[in-house]
Amino acid sequence: MLWIMRFSGFFSAAMVMIVLSPSLQSFPPAEAIRSSHLDDVLRFSGQIPSADRFSFRKASTFRNAAECGRRALGKRGVCDPSLVHVAITLDVEYLRGSVAAVHSILQHSMCPESVFFHFLVSDTGLETLVRSTFPEVKFNVYYFDPETVKSLISTSVRQALEQPLNYARNYLADLLEPCVRRVIYLDSDLVVVDDISKLWTTSLGKKTIGAPEYCHANFTKYFTEGFWSNRKFSGTFIGRNPCYFNTGVMVMDLVKWRRFGYTKRIERWMEIQKSGRIYELGSLPPFLLVFAGHVAPIEHRWNQHGLGGDNVRGSCRDLHPGPVSLLHWSGSGKPWLRLDAKQSCPLDSLWAPYDLYGNSS
Ligand SMILES: *[C@@H]1O[C@H](CO)[C@@H](O)[C@H](O)[C@H]1NC(C)=O
């Protein structure tokens, strides 16, 4: 109710702004995109959009090295077996992060033209924005209907974790073309600082997903006491050696995923959560329930996570020891917000070079 009141308040304020603001009345392409998203902008950010909210600079051109081979998409298109498939959500609220992530991948790839992006969206119009920012990139856009998960989402410690698009990673096997056999799923609050093809060629052995595992993390705390005291639930971990892993960086074997019906298995835990709380976080715990202990371990360099601090205060964090191929601002602090607020953490400066937000300067 409060939400509706806030929304209508902002909406009328925005209407006034449209009437008064000459810049919002003219509709060159960028403005046209923004206006079609006015509702969403208001809904997600709870504030009047600034005039250049969706303005991104064009990324510089990139080219495959000689040893990469063919450049243009052949007859087989997205089914070309030489492609590296990367899936990322384009959430209005995290758009700046998603664009920086794509930018970082292209910059560090020996074969950037061999990367195919799969963008998951719940809004229309974002395709135009991606095309104008990355004119040469190969990509498809997939509409993820929020209704798919709306009835399955329960409240969590952080509101951002309840966004339906956050759950889209569970539906990649259905959304992507059946010929896509493997995909790297990446969150929107990270940058890749190494060649993504190294992550792509990681062996998963017999496993369905691969991710860096953290076996020293206290696994107990990801689930409620109610979960652990109910043998019907906690029994799922019997015979497994479950370790925490972060679902923001995953290599997924979609052939196995489809064959074993993992989407439904994850949904089943979400239904249980709806009928009685078994965890506090958002989309992560159901993945732990289904996969922890059955994950192909990937080098920790591929997810230097936690740079966004904790889920409440977003304090500054340092890197974990060891090499770095991917920097991940998981937690509530996001580098673009902290940089804008002039309250950045030292490591936020590593994100800044990939930022394409704003008009060319
Ligand atoms: C792990 O967390 C649980 C729940 O918070 C706690 O009871 C337990 O003592 C912790 N275990 C270790 C080894 O820290």
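What counts and how
Every chain begins its residue count from 1, and numbering advances along the sequence as written. The model is predicted, so local features are restricted to residues of pLDDT at least 70 and side-chain atom pairs to those at 80 or more, both for listing and for counting; the totals for chains, interfaces and linings are taken over all residues. The side-chain values count all of the structure's non-hydrogen atoms but skip hydrogen atoms and water molecules. Relative accessible area decides the class of each residue, using a 1.4 Å probe on protein chains only: under 20% of the type maximum gives buried, over 50% gives exposed, and in between gives partly exposed. Secondary structure elements follow DSSP: runs of H or I of four or more residues count as helices, runs of E of two or more count as strands, with numbering from the N terminus. Aromatic contacts are taken between Phe, Tyr and Trp rings whose centres are within 6.5 Å, Trp giving its six-membered ring; a plane angle under 30 degrees counts as stacked, one over 60 as edge-to-face, and the others as tilted. At least two bridges found by DSSP between two strands is the condition for calling them paired. Think of a salt bridge as a Lys or Arg side-chain nitrogen and an Asp or Glu carboxyl oxygen that are within 4 Å of each other. Simply put, an axis is a line fit to the C-alpha atoms, just over the touching stretch for a helix, and the angle between two N-to-C directions goes from 0 to 180 degrees. These descriptions rest on fixed angle ranges, namely under 35 degrees for roughly parallel, over 145 for roughly antiparallel, 65 to 115 for roughly perpendicular, and the rest for oblique. For any helix crossing, the convention is left-handed if the near helix is rotated counterclockwise from the far helix by under a right angle, and right-handed if that rotation is clockwise. Residue contacts are defined here by distance: any two heavy atoms, one from each residue, within 4.5 Å place the two residues in contact. In this classification, the charged set is Asp, Glu, Lys and Arg, the nonpolar set is Ala, Val, Leu, Ile, Met, Phe, Trp, Tyr, Cys and Pro, and all remaining amino acids, among them Gly, are polar.

(A) The arrangement of helix H14 (residues 284-291) in detail. Among the eight residues in H14, eight count as buried, and that is most of the element. Those residues of H14 that sit buried are Leu284, Pro285, Pro286, Phe287, Leu288, Leu289, Val290 and Phe291. Immediately beyond the C-terminal end of H14, within one or two residues, lies Gly293, with a positive phi of roughly 95°.

(B) Looking closely at the packing of aromatic side chains. As enumerated under the stated definition, the model contains 26 aromatic pairs in all. A network of ring pairs unites the aromatic residues Tyr214, Phe219, Tyr222, Phe223, Phe227, Trp228, Phe233, Phe237, Tyr244 and Trp269 as a single cluster.

(C) Local environment of unusual backbone geometry. A positive phi angle, near 55°, is found at Lys342, a position not held by glycine. Along the chain, Lys342 turns up in the segment after helix H15 (335-340). Classification of Lys342 as exposed rests on a relative accessible area of 75%.

(D) Looking closely at the environment of Phe54. Position of Phe54 relative to the elements: it lies in the loop between helix H4 (38-45) and strand S1 (84-89). When its relative accessible area of 6% is taken as the criterion, Phe54 is described as buried. Phe54 sits 75 residues away from Leu129 along the chain, and the two C-alpha atoms are 8.1 Å apart.

(E) Main features of the pairing of strand S4 (residues 182-186). Of all five residues in S4, five are buried; the element is thus mostly enclosed. Bridge analysis of S1 against S4 gives three bridges, and the strand direction is parallel. In the strand pairing of S4, Ala87 is matched with Tyr185.

(F) Inspection of the sheet that holds strand S2 (residues 115-121) at higher detail. The strand order S3-S2-S1-S4-S9-S6-S10 describes an open sheet built from seven strands, whose pairing is mixed. Each edge of the sheet is formed by a strand with only one pairing partner; in this case those strands are strand S3 (138-143) and strand S10 (296-297).

(G) Inspection of the pattern of salt bridges at higher detail. Per the stated rule, a full pass over the model turns up twelve salt bridges. In this structure, Lys256 and Asp253 form a salt bridge, with 3.3 Å as the shortest nitrogen-oxygen distance. Owing to a relative accessible area of 17%, Lys256 belongs among the buried residues under this scheme. What emerges from the salt-bridge pattern is a single network uniting Asp194, Lys198, Glu299 and Arg301.

(H) Spotlight on the packing of helix H13 (residues 262-275) against H14. Between H13 and H14, the least distance of the axes is 9 Å, while the angle of their chain directions is 120°. Considering the angle they form, H13 stands oblique to H14. By crossing handedness, the relation of H13 to H14 is classed as right-handed. Contact residues: H13 offers Tyr262, Arg265, Ile266, Trp269 and Met270, while H14 offers Pro286, Phe287, Leu289, Val290 and Phe291. A per-class count over the contact of H13 with H14 returns nine nonpolar, no polar and one charged.

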